[in-house]
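The chain contents come next:
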Amino acid sequence: MPAQHASPPPAPTISPSWHSALEEFQADLLRRAVAVKTRHAYAIDSSQFAAWATHAGLEPGSIDVRALRRYAAGLSERGHAPSTIARKLAALRGLFRAQVELGVREENPAELVSSPKKPQHLPRVLRPDEVAELLDRIPVTTPLELRDRALFELAYASGLRAEELVSLDLESIDFDAETVRVEGKGGKTRVVPAGEPALRAIERYLARGRPALDLDSGRSLFLSKSGRRLGTSDVRRRLRTWARQAAAHAPALAEAHPHALRHSFATHLLEGGADLRAIQELLGHATISTTQVYTRVESARLRSAYASAHPRA
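Here we summarise the structure given alongside this text.

## Some words on the environment of A81
Here A81 shows up in the loop between α3 (65-77) and α4 (82-101). A residue is classified by how much of its surface remains accessible, and A81, at 33% relative accessible area, is partly exposed. For the pair formed by A81 and P116, sequence separation is 35 residues and the distance between their alpha carbons is 9.2 Å.

So this is what it looks like as structure tokens:
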């Protein structure tokens, strides 16, 4: 008897008015140049709410604060994390904002529903000597070693996300101005400084490493061993390799990841006296509140130093 394959679960039923609202929401996100990953997540979140509302007999124009709170409470009861519920509510705020702007309704009920507080996790920050231990132990002999040294020197020197690093082209680096032009989240472009060690590492890579990897004369700055544009998973994997080797001398490096270099970049700037607004601009944060996490990192470090050093702490 042939094996029985379970049929996929039926797609949730969504009313025609909700279909229209969801399409209008996606069009609004496109107009705002919202990142693809965010649009995808918001599409799932808003579709799930539309299915719930359709099942409850609620159309877009009849959703009020009570309905939204009931929905959020249901998510919590089903075990969703506060961060997940917060993201879903953010999607609904965007959904109803689009409805207000289109004149379909007068107010945004999701604005009156507060998101659950997310637990505060301070980012992992490496000390300057730990960063130096990691970078200085990457050899500069083979094409891949030259590439990796340039890649991670630049990650720390300019505080770039992994996605930003792999999107760089040859024209992104301005050696005369000592800057790098970065395509950030939401298609926003910024120009950030790059330190001399990073620029020297990139020059070495372009002279002795990249020509051996460039199989099709592409414009990507960082190439894989097969000549294609490097991916974010490649960045994570290569950093993990070098970090574990360096961990013999600096154990904190054992679990280092690309974002740890970005966090360290911001924290070391703050420790050196840089203005928080300047750090926000360098990191490409849309709001200062995102950058303020680094003041909490610095505050935690100072409290720890006080507790260990003051005789009456």
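Here the narrative resumes, following the displayed structure.
## Some words on the nonpolar core
Judged by nonpolar contacts, the single largest core of 50 residues is most densely connected at F152, L154, Y205, F222 and L261. Residues within four places of L261 in sequence aside, it is in contact with L126, V131, L134, F152, A155, Y156 and L239. Listed in part, the 27 residues of the second largest apolar core include F25, L29, A51 and L58.

## Remarks on the packing of aromatic side chains
In total, this model carries eight aromatic pairs according to the counting rule given. Their ring planes at 75° and their centres at 6.5 Å tell us that W18 and F96 sit as a pair that is edge-to-face. Taken as a pair, W18 in helix α1 (residues 16-31) and F96 in helix α4 lie far apart in primary sequence, 78 residues in all. An angle of 80° between the planes, with centres 4.8 Å apart, marks the rings of F49 and Y71 as edge-to-face. With F49 in helix α2 (residues 36-55) and Y71 in helix α3, this residue pair connects regions lying 22 residues apart in the sequence. Three or more aromatic residues joined by ring pairs make a cluster, and in this case those are W18, F49, W52, Y71 and F96.

## As for the sheet that holds strand β3 (residues 189-193)
In space, the three strands of this open sheet follow the order β1-β2-β3, with antiparallel pairing throughout. A strand with exactly one partner marks an edge of an open sheet, and here the two such strands are β1 (173-174) and β3. Of the strand pairs in this sheet, β1 and strand β2 (residues 179-183) are connected by two bridges, and their pairing is antiparallel. Among the inter-strand pairings, D174 is bridged to a residue of β2, identified as T179. Contacts from helix α6 (residues 143-158) reach β1, β2 and β3, with the element oriented near 95° to β3.

## Some remarks on the packing of helix α5 (residues 128-136) against helix α10 (residues 258-271)
Running from N to C, α5 and α10 point in directions that differ by 140°, and their axes come no closer than 11 Å. If you check the angle between α5 and α10, you find them oblique. Remark: the crossing between α5 and α10 carries left-handed chirality. Here P128, V131 and L134 of α5 come into contact with α10, specifically with L261, S264 and H268.

## A closer look at the side chain of R161
Secondary-structure assignment places R161 in the loop between α6 and α7 (162-166). Accessibility expressed as a relative area gives 7% for R161, which makes it buried. A distance of 2.4 Å separates polar atoms of two side chains, one belonging to R161 and the other to E164. When sequence neighbours within four positions are dropped, the list of residues in contact with R161 reads K185, R190, H259, R262, L283, G284 and H285.

## Comments concerning unusual backbone geometry
Positive phi is not limited to glycine here, since A33 has a value of about 60°. Mapped onto the elements, A33 comes out in the loop between α1 and α2. Owing to a relative accessible area of 39%, A33 belongs among the partly exposed residues under this scheme. In the Ramachandran plot, E178 falls in the positive-phi region, its phi being about 55° despite a non-glycine side chain. The class of E178 is partly exposed, set by a relative accessible area of 35%.

Calculation criteria
- Residues numbered from 1 in each chain as written.
- Predicted model: local features only at pLDDT ≥ 70, side-chain atom pairs only at ≥ 80, totals over all residues.
- Heavy atoms only, no water.
- Helix = DSSP H or I, 4+ residues; strand = E, 2+ residues; numbered from the N terminus.
- Buried < 20%, exposed > 50% of the residue type's maximum accessible area, 1.4 Å probe, protein only.
- Core = buried A, V, L, I, M, F, W, Y, C linked by side-chain atoms within 4.5 Å.
- Contact = heavy atoms within 4.5 Å.
- Phe/Tyr/Trp six-rings, centres within 6.5 Å; stacked < 30°, edge-to-face > 60°.
- Pairing = 2+ DSSP bridges.
- Axes fitted to C-alpha atoms, helices over the stretch in contact; angles between N-to-C directions.
- Parallel < 35°, antiparallel > 145°, perpendicular 65-115°, else oblique.
- Left-handed = near helix turned anticlockwise from the far one by under 90°.
- Polar contact = N/O pair within 3.5 Å; in protein donor to acceptor, adjacent residues only side chain to side chain.

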